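# Breakdown of the fold
In case you want the letters, here they are:
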Amino acid sequence: MSRNITEIVSKYNQNGYLFPLDAMSPEQALAYRSQFEAAEREYKDKDKDKDPDFDALVFGHANMVLPFIDEITRLPDVLDPVKAILGPDVLVWGVNLFIKEAESPNYVSWHQDLTYWDLNDVEEVTAWIALSPATVNNGCMRFAPGTHTREIVSHHDTFARANQLSRGQEIEVKVDESETVNVVLSPGQMSLHHGRIFHASHANRTTDRRIGLAIRYITPAMHQLSGVKSYVTLVSGEDRFGHFNLVPAPIRVMDPADLAMARQAVEAGEKFLYAGAGGQGQRRLLRE
Ligand SMILES: O=C(O)CCC(=O)C(=O)O
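Each value, and the rule that gives it
Numbering of residues starts from 1 in each chain and follows the order in which that chain's sequence is written. Where local features are concerned, this predicted model is filtered to residues with pLDDT of at least 70; where side-chain atom pairs are given and counted, the filter is 80 or more; whole-chain, interface and lining totals use all residues. Side-chain metrics rest on all non-hydrogen atoms present in the structure, leaving aside hydrogens and water. Between any two strands, at least two bridges found by DSSP are needed for them to pair. Helix numbering and strand numbering both begin at the N terminus, where a helix is a DSSP run of H or I of at least 4 residues and a strand a DSSP run of E of at least 2. We call a residue near a given molecule or strand whenever any one of its heavy atoms falls within 4 Å of it. In the analysis that follows, any N or O atom pair within 3.5 Å is treated as a polar contact, provided that within protein one partner can donate a hydrogen and the other can accept it, and provided that, for residues neighboring in sequence, both atoms belong to side chains. The classification used treats Ala, Val, Leu, Ile, Met, Phe, Trp, Tyr, Cys and Pro as nonpolar, Asp, Glu, Lys and Arg as charged, and all other residues, Gly among them, as polar. When checking whether two residues touch, look at their non-hydrogen atoms; a contact exists if any pair is within 4.5 Å. Where helices are involved, their axes are fitted lines through C-alpha atoms of the stretch in contact, as for all axes, and angles between N-to-C directions lie from 0 to 180°.

Here we take up the sheet that holds strand β10 (residues 198-201). What the four strands build is an open sheet, ordered β3-β10-β5-β8; its pairing is antiparallel. Strands at the two margins of the open sheet, each flanked by one partner only, are β3 (108-111) and β8 (181-182). Direction of pairing for strand β5 (residues 141-144) relative to β10: antiparallel, over a ladder of four bridges. Counterpart to A144 in the pairing with β10 is F198.

What follows is the structure, given as structure tokens:
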């Protein structure tokens, strides 16, 4: 898709999403995937007992502990369309690595992102970058066009084991599947989506992993309604508000100082992400 900024903004505003956009070359995507999988081998499997938080840190704040993920959040081809939507001042509020293992039943139920994020406004956009192919068979995202114009609808928590969301939350509105679109992406391509769009994804029925990096960009004018100061990185322009804790780029892969900061970020997020969940949602990713 061409990089006509006016077209990007108008299509995004109309549908609540936009894809495919080129975030990087397929070769670069493969190289980032290899770097991530090397870090997984080194820290997740080997040191699981030493650092049981690997999954929680990497799932929610990979950009704070893995420099190559921070680098992706700052790539011009990723940031330019985001800035067209949000303006020149941009923070990264969170980075979720959504991995569906080969032949895994894990899925994502229909939801609206902003439901539990405790943010006061909708000046947010997610860039979802494919580090592997995202296909119908391996559980690419699906969007319900135009639903970003709706307010946040009721969700209920299911805590379903195979649901990859923090509370297994799903919307209580019937989604007409025939009117949804499959967000099929090649490695290196990305989609952009609005924080109120209805979206979901099926299980992975293939023999390879499906790896997507969901970067949550917000403007510095936003704030947490609860007063919690979340931990963010400034990736464009300036922060003239001071509503968040600004975190520097990580020093090296899984550096202890960065890990300590990322742990604080996880703890801050838990104050609102699991509010009202009766303790059920706490670090549930550790058991997946
Ligand atoms: O990766 C997926 O399948 C779902 C991602 C998602 O829900 C999101 O990025 O908001």
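Near the ligand you find 13 residues, and of these D113, W128, H199, S201 and R210 are the closest. Separating an oxygen atom of the ligand from a side-chain N or O atom of W128 is a distance of 3.0 Å. Put simply, the parts of the chain that give the shell around the ligand at least two residues each are β2 (90-100), β3, β10 and β11 (210-218). Partitioning the shell around the ligand into residue classes produces five nonpolar, four polar and four charged.

Overall, mixed pairing links the seven strands, which are arranged β1-β9-β4-β11-β2-β12-β13 in an open sheet. Looking at the sheet topology across the chains shown, the edges are occupied by β1 (17-22) and β13 (245-246). With four bridges connecting them, β1 and strand β9 (residues 189-194) associate as antiparallel partners. Looking at β9, one finds that Y17 is bridged to H193. Together, β2 and β12 (231-236) form the strand contacts of helix α3 (residues 54-65), whose direction differs from that of β2 by roughly 130°.

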